[in-house]
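# Inside the fold
The chain contents come next:
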Amino acid sequence: MENKEKETFKFTYSAKEQEEIKAIRKKYTTPEQAEDKMAQLRRLDTAVTQKATSISLVFGVIGALILGIGMSLVMTDIGKIIGLLGGMAMLIGILIGIVGIVLVSVAYPIYNCIIKKEREKIAPEIIRLTDELMK
């Protein structure tokens, strides 16, 4: 019996070719496959607060704009320009301003409500990822 050494051919690519290989591979992998556990955990946690922040900001900004419209009716002559009598413009302006104040006031409770619901929804995945990371 001959003792033949197994002949193998080994070839290494240059750094430029390695980058090209990685770029091609990246096209065929989904972001979830390439993402490590810690990055996925951070992304999930950030997504919860971003959604709540966005929605509450919309409520706050719309409420502030409505409040501004009401203040304009009360404090300027816009009511006369649009054909409202002096007392009527003030009354309508106060009512519109109250609606704006209510919208601005509910922005933070809406934020807390959305945070609570989103955390409940995402909790199992967060717990699973943290268990894997702590092992």
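Sequence order as written defines the numbering, with residues in each chain counted from 1. Where local features are concerned, this predicted model is filtered to residues with pLDDT of at least 70; where side-chain atom pairs are given and counted, the filter is 80 or more; whole-chain, interface and lining totals use all residues. Side-chain metrics in this entry use all non-hydrogen atoms of the structure; hydrogen atoms and water are not considered.

### Overview of the environment of R128
Threshold: Where helices and strands are cited, they refer to DSSP runs of H or I of at least four residues and of E of at least two residues respectively, numbered from the N terminus.
Position of R128 relative to the elements: it lies in helix α5 (residues 86-134). Between the C-alpha atoms of R128 and L41, which are 87 residues apart in sequence, the distance is 9.8 Å.

### With respect to the pattern of salt bridges
As a reminder of what qualifies: Salt bridges are defined by distance alone: a side-chain nitrogen of Lys or Arg within 4 Å of a carboxyl oxygen of Asp or Glu. For every residue, the accessible area (1.4 Å probe, protein chains only) is compared with the maximum for its type, and the residue is labelled buried under 20%, exposed over 50%, or partly exposed between those bounds.
Scanning the model with the defined rule gives 3 salt bridges in all. The shortest N-O distance in the salt bridge between E125 and R128 comes to 2.5 Å. Taken together, the positions of E125 and R128, both in helix α5 and 3 residues apart, correspond to about one turn of that helix. Judged by its relative accessible area of 27%, E125 is partly exposed. A residue is classified by how much of its surface remains accessible, and R128, at 34% relative accessible area, is partly exposed.

### Quick look at the packing of aromatic side chains
The condition is simple: Each Phe, Tyr or Trp ring, with Trp reduced to its six-membered ring, pairs with another whose centre is within 6.5 Å; inter-plane angles below 30 degrees give stacked pairs, above 60 give edge-to-face pairs, and intermediate values give tilted ones.
If you walk through the whole model with that rule in mind, you get 1 aromatic pair. Centre to centre, the rings of Y108 and Y111 are 6.1 Å apart; their planes meet at 15 degrees, and the pair counts as stacked. A residue pair is termed a helical-turn pair when its members lie 3 or 4 positions apart in one helix, as Y108 and Y111 do in helix α5 at 3 residues. Classification of Y108 by relative accessible area gives exposed; the value is 57%. Relative accessible area serves as the criterion here: at 22%, Y111 is assigned to the partly exposed category.

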